[in-house]
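# Reading the structure
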Amino acid sequence: TPRAESEQLTLKTRVGTSFNTSKPDGTFQSSLYQSASQIRGDFDYHVAIALRKDGLLRDPDGAPALDFSSPVLLSMGKESLYDFDSSLGYKVGRTGTMRLTATAGLAQVDERYESDDLGTYRAVNSSLVRRPAGDRNLRRHHTLNLSYENTDVAGSAVKLEAVASRVHALQYTSAGAVIQRD
């Protein structure tokens, strides 16, 4: 998580999009990132939010393509991703700093596709077919980190940290089963 670098309010915005030029329908990948940071006396902060819509990848013939780089890690298809991060710092004395960093996110499947399993190794490729049950797949995560750092304790730097983190995933299968991972 970035930290504030200036006493001036610093805003960073990034907007992007891409798509398959051969068959743009449903392949758009759009992203928006916005952050704000500032140092105010002994206090500094950085907060940011990122939103992304991940479209369906397609092969050169326009058919849905296998996607092993899915951000959700649960499916191939269209996904929506929402992320938040923050860093809040406070100077303690001349050489110490308390810092709380936090991240949270949600990755949600909008349309899920799976292999039809009809391919033959090195002979015939499998195709992807729509699996509506998987449209409810999601992954949530959060991390909290509280730290104290002192850069001058008997000539050395000392850092103490406490960390809490959790990832929760829900996967709905075509057969009607629900798989939960924590």
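Details of the structure are given in the entry above.
First things first, this report covers the structure right here in the doc. No experiment lies behind these values; they were computed from the predicted model shown.

### Observations regarding the overall build of the chain
- Looking only at helices and strands, the chain has zero helices and nine strands in total.
- In sequence order, the secondary structure elements of the chain are arranged as β-β-β-β-β-β-β-β-β.
- Relative to the 2.2 N^0.38 estimate, which gives 16 Å for 182 residues, the radius of gyration of the chain is 22 Å and therefore markedly larger than a compact globule would have.
- Summarising its shape, the C-alpha atoms of the chain cover approximately 70 × 35 × 30 Å along the three principal directions.
- Relative to its full complement of 182 residues, the chain shows a buried share of 34%.
- Considering only residue pairs separated by 6 or more positions, the chain has 55% of its internal contacts joining residues 24 or more positions apart.

### Details of the packing of aromatic side chains
- Applying the stated criterion across every chain yields a total of one aromatic pair.
- Over the face of the ring belonging to Tyr-172 we find Arg-136, whose NZ or CZ atom lies 3.9 Å from the ring centre.

### Observations concerning the environment of Leu-9
- Tracing the sequence through the fold places Leu-9 in the segment before β1 (10-18).
- We classify Leu-9 as partly exposed; its relative accessible area is 48%.
- Counting along the chain gives 69 residues from Leu-9 to Lys-78, while the straight-line C-alpha distance between them is 36 Å.

### Structural notes on unusual backbone geometry
- Although it is not a glycine, Ala-154 sits at a positive phi angle of roughly 55°.
- Its location among the elements puts Ala-154 in the loop between β7 (138-153) and β8 (156-172).

### Looking at the environment of Gly-77
- Topologically, Gly-77 is positioned in strand β4 (residues 76-92).
- Separated by 22 residues in the primary sequence, Gly-77 and Gly-55 have C-alpha atoms spaced 6.8 Å apart.
- Sequence-distant contacts of Gly-77, defined by excluding residues within four places in its chain, comprise Asp-54, Gly-55, Leu-56, Glu-111 and Tyr-113.

### As for the pattern of salt bridges
- All chains considered together, the criterion is met by five salt bridges.
- The residue Asp-54 makes a salt bridge to Arg-52 at a minimum N-O spacing of 3.4 Å.
- A relative accessible area of 35% means that Arg-52 is categorised as partly exposed.
- Residue Lys-53 pairs with Asp-110 through a salt bridge whose shortest N-O separation is 3.1 Å.

Here is what the cut-offs are and how they apply
Residues numbered from 1 in each chain as written. Predicted model: local features only at pLDDT ≥ 70, side-chain atom pairs only at ≥ 80, totals over all residues. Heavy atoms only, no water. Helix = DSSP H or I, 4+ residues; strand = E, 2+ residues; numbered from the N terminus. Rg over C-alpha atoms; globule rule 2.2 N^0.38 Å. Buried < 20%, exposed > 50% of the residue type's maximum accessible area, 1.4 Å probe, protein only. Contact = heavy atoms within 4.5 Å. Phe/Tyr/Trp six-rings, centres within 6.5 Å; stacked < 30°, edge-to-face > 60°. Lys NZ or Arg CZ within 6 Å of the ring centre and 35° of its normal. Salt bridge = Lys/Arg side-chain N within 4 Å of Asp/Glu carboxyl O.

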